[in-house]
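The chain contents come next:
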Amino acid sequence: MLVEGKPDSDHFFIIQKGQAQCVREIDFNPTGKNNILGPGDFVGVIPCMANRNQIESVVALTDLVAISVKRSQYPELIAQNTAVALKIIRVFAARMREMNAMLLKMALKAASKSTEDQLFDVAAFYDEQRNIDIAVYAYYQYLKAQPNGEFAQKAKNRFITLQKRSKAVYLEPKAEDTQRFYPMGTMVFAENQSGQDMFIIQSGQIKITKIIDGKEVLLAMLKRGDFFGEMALLENLPRSASAIAHDDCQLMVINRKNFDQMVSTQAQMISRLTNTLAERLWSMYRQVSNTLITDNMGKLFDMLGLQIEKARIGSENATAKLSYTLNISPQELANMCAIPPSEQYTAIKNFLSNKAVRQEGNKLYVPDVVEIMKISAYYRKQKPKKAE
């Protein structure tokens with residue numbers, strides 16, 4: 001039905017009858033399931049909605065009947081059958097949570113905490129880093145969730161001490177607020193915090209992070225027009241990561257009531273949300289190959305290539321020379337690759353010694369995008385280690 005790596009992604013299938021199986025060139029199992037699909041399941045929806053190459057091959061195991069839905073038809077499908085659109089979105093959200101946990105485990109060889117005590121760990125980490133605004137917000141959320149918790153007294157003492165110097169905002173946001181302004185360096189929400197709001201960035205940038213084994217891991221840098229926080233809204237589960245204002249940010253807030261109205265009245269908005277989730281899932285599948293690269297230099301170049309791919313700048317098959325500046329530092333790139341702190345200095349030094357990239361302030365400048373894409377592809381084609 002579909003072939004991994006092919007650009008045939010202007011449509012997806014909904015299986016009506018029969019069974020199909022998903023297979024991948026790199027053998028990994030993102031969900032722990034058997035990858036067997038049946039009636040009601042979707043085939044090829046991630047690359048279709050993200051407008052990317054196929055991420056897996058799909059083979060019919062039996063005689064199979066399926067409906068083909070073109071990307072251009074999706075808004076019409078939402079208007080006519082909101083249940084199908086919601087199923088796709090909820091499947092995407094669940095898959096993202098599974099993929100996120102798997103990627104962290106593969107990259108860091110450890111699972112992150114999933115208890116409310118993680119809120120205290122987040123607060124203590126940023127307190128130690130002297131990021132007062134983030135620490136105050138996280139201490140408050142810990143005390144709210146665990147007023148009699150093991151670290152409650154320490155959290156209370158630090159909160160009282162730091163609050164006077166903090167510009168943390170929306171410790172107790174109002175339900176009717178549909179617009180919020182977050183000054184640079186303040187926290188929108190913390191990992192493992194409860195909450196059901198999602199956000200659309202109207203201005204500024206938001207960084208998505210996790211604290212793992214005492215280190216901050218940068219998961220994504222989001223810009224104007226991006227959504228975030230949707231998984232907590234869709235799954236009614238605690239936040240899987242923290243969101244921090246990288247600079248001054250104006251955000252639109254979408255709560256459960258707003259979201260239900262959007263589903264029934266704004267097909268284009270739901271289509272855009274589906275596209276966003278699909279793009280993130282595509283990126284997660286792509287990141288799997290990065291975790292399988294054993295060489296730190298390879299990890300950095302491949303992650304750099306992924307950021308360029310995400311920005312849809314050039315390709316390894318392009319011929320024209322094109323330069324590009326990424327608004328991330330070498331340190332942030334190393335964090336994205338989950339390179340251990342003890343190895344980062346050497347890895348970054350070797351990385352920047354290559355003329356294919358250079359540092360300009362806190363940004364990375366690529367003189368030739370095509371060259372980076374070729375280097376990235378080279379490292380991905382090396383024999384990977386087996387995924388755990």
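What counts and how
- Residues numbered from 1 in each chain as written.
- Predicted model: local features only at pLDDT ≥ 70, side-chain atom pairs only at ≥ 80, totals over all residues.
- Heavy atoms only, no water.
- Helix = DSSP H or I, 4+ residues; strand = E, 2+ residues; numbered from the N terminus.
- Rg over C-alpha atoms; globule rule 2.2 N^0.38 Å.
- Buried < 20%, exposed > 50% of the residue type's maximum accessible area, 1.4 Å probe, protein only.
- Contact = heavy atoms within 4.5 Å.
- Areas by Shrake-Rupley, 256 points an atom, 1.4 Å probe, with all protein chains shown as cover.
- Lys, Arg positive; Asp, Glu negative; His and termini not counted.
- Charge placed at Lys NZ, Arg CZ, Asp CG, Glu CD.
- Salt bridge = Lys/Arg side-chain N within 4 Å of Asp/Glu carboxyl O.
- Pairing = 2+ DSSP bridges.
- Phe/Tyr/Trp six-rings, centres within 6.5 Å; stacked < 30°, edge-to-face > 60°.
- Axes fitted to C-alpha atoms, helices over the stretch in contact; angles between N-to-C directions.
- Parallel < 35°, antiparallel > 145°, perpendicular 65-115°, else oblique.
- Left-handed = near helix turned anticlockwise from the far one by under 90°.
- Nonpolar A, V, L, I, M, F, W, Y, C, P; charged D, E, K, R; others polar.

### A word on the overall build of the protein chain
Part 1 of the argument: Across its full length, the protein chain carries 13 helices and 17 strands.
Part 2 of the argument: Its C-alpha atoms give the protein chain a radius of gyration of 22 Å, within 12% of the compact-globule value 21 Å for 388 residues.
Part 3 of the argument: Taking the principal axes of its C-alpha atoms as reference, the protein chain extends roughly 65 × 55 × 35 Å.
Part 4 of the argument: Out of the 388 residues in the protein chain, the part that is buried amounts to 51%.
Part 5 of the argument: Long-range pairs, those at least 24 residues apart, make up 73% of the contacts in the protein chain between residues at least 6 apart in sequence.
Part 6 of the argument: When the accessible surface of the protein chain is split by element, carbon and sulfur atoms take 49% of a total near 18,500 Å².
Part 7 of the argument: Placing the 49 positive and 41 negative side-chain charges of the protein chain at their respective mean positions leaves the two points 2 Å apart.

### Details of the pattern of salt bridges
Pairs can form between side chains of opposite charge once their charged atoms are near each other.
Part 1 of the argument: Enumeration according to the criterion identifies 16 salt bridges in this entry.
Part 2 of the argument: Salt-bridge contacts for Glu98 lead to Arg95; the nearest nitrogen and oxygen are separated by 3.9 Å. Of the two residues, Glu98 and Arg95 both sit in helix α3 (residues 82-108), three residues apart, roughly one turn of that helix.
Part 3 of the argument: Using a relative accessible area of 27% as the deciding quantity, one classes Glu98 as partly exposed.
Part 4 of the argument: Lys210 serves as the salt-bridge partner of Glu191, at 3.4 Å between the closest nitrogen and oxygen. Taken together, the residues span a long stretch of sequence, with Glu191 in the loop between β8 (187-189) and β9 (198-203) and Lys210 in strand β10 (residues 206-212) at a distance of 19 residues.
Part 5 of the argument: Overall, the relative accessible area of 4% leaves Lys210 in the buried class.
Part 6 of the argument: Each of Arg286, Asp302, Glu309 and Arg380 takes part in salt bridges that share partners, so that together they form one network.

### Considering the pairing of strand β14 (residues 249-254)
Part 1 of the argument: Judged from the four bridges that link them, strand β7 (residues 179-182) and β14 form a sheet pairing that is antiparallel. What sits directly across from Gln179, in β14, is Met252.

### Here's the deal with the pairing of β9
Part 1 of the argument: As paired strands, β9 and β14 are joined by five bridges and run antiparallel to one another. Bridging across to β14, Met198 finds its partner in Ile254.
Part 2 of the argument: Of the pairings in the sheet, the one linking β9 to strand β12 (residues 227-228) comprises two bridges and is antiparallel in character. Within the sheet, the bridge partner assigned to Ile200 lies in β12 and is Phe227.

### Considerations on the packing of aromatic side chains
Part 1 of the argument: The final tally for this structure, using the stated rule, is twelve aromatic pairs.
Part 2 of the argument: Note on Phe189 and Phe228: the rings are 5.9 Å apart at their centroids and 40° apart in plane angle, and the pair reads as tilted. Residue Phe189 is located in strand β8, and its partner Phe228 is located in strand β12; the two are separated by 39 residues in the primary sequence.
Part 3 of the argument: With relative accessibility at 1%, the residue Phe228 sits in the buried group.
Part 4 of the argument: Taking 5.2 Å as the distance between ring centres and 20° as the angle between the ring planes, the aromatic pair formed by Phe199 and Phe228 counts as stacked. Separated by 29 residues along the polypeptide, Phe199 in strand β9 and Phe228 in strand β12 bring together distant segments of the chain. Neither residue differs from the other here; Phe199 and Phe228 are each classed as buried.
Part 5 of the argument: Ring pairs connect the aromatic residues Phe120, Tyr139, Tyr142 and Phe151, which therefore count as one cluster.

### Focus on the sheet that holds strand β13 (residues 242-245)
Part 1 of the argument: Sheet architecture is open: four strands sit in the order β8-β13-β10-β11, paired in antiparallel fashion. Looking at the sheet topology across the chains shown, the edges are occupied by β8 and β11 (215-222). Taken over all neighbouring pairs, the strand axes of this sheet differ in orientation by 30° on average, direction set aside.
Part 2 of the argument: Taken together, the two bridges between β8 and β13 define a ladder with antiparallel strand orientation. Along β13, the bridge assignment pairs Met187 with Ile244.
Part 3 of the argument: This element, helix α5 (residues 132-145), spans β8 and β13 of the sheet and lies at about 30° to β8.

### A word on the packing of helix α9 (residues 267-291) against helix α10 (residues 296-310)
Part 1 of the argument: Close contact between α9 and α10 brings their axes to 10 Å; oriented N to C, the two are set at 165°. In terms of their interaxial angle, α9 and α10 are classed as roughly antiparallel. Crossing of α9 over α10 shows right-handed handedness. Only Lys299, Asp302, Met303, Gly305, Leu306, Glu309 and Lys310 of α10 make contact with α9, whose side of the interface consists of Glu279, Trp282, Ser283, Arg286, Gln287, Ser289, Asn290 and Thr291.
Part 2 of the argument: Along the lines of polarity and charge, the residues of the contact of α9 with α10 split into three nonpolar, six polar and six charged.

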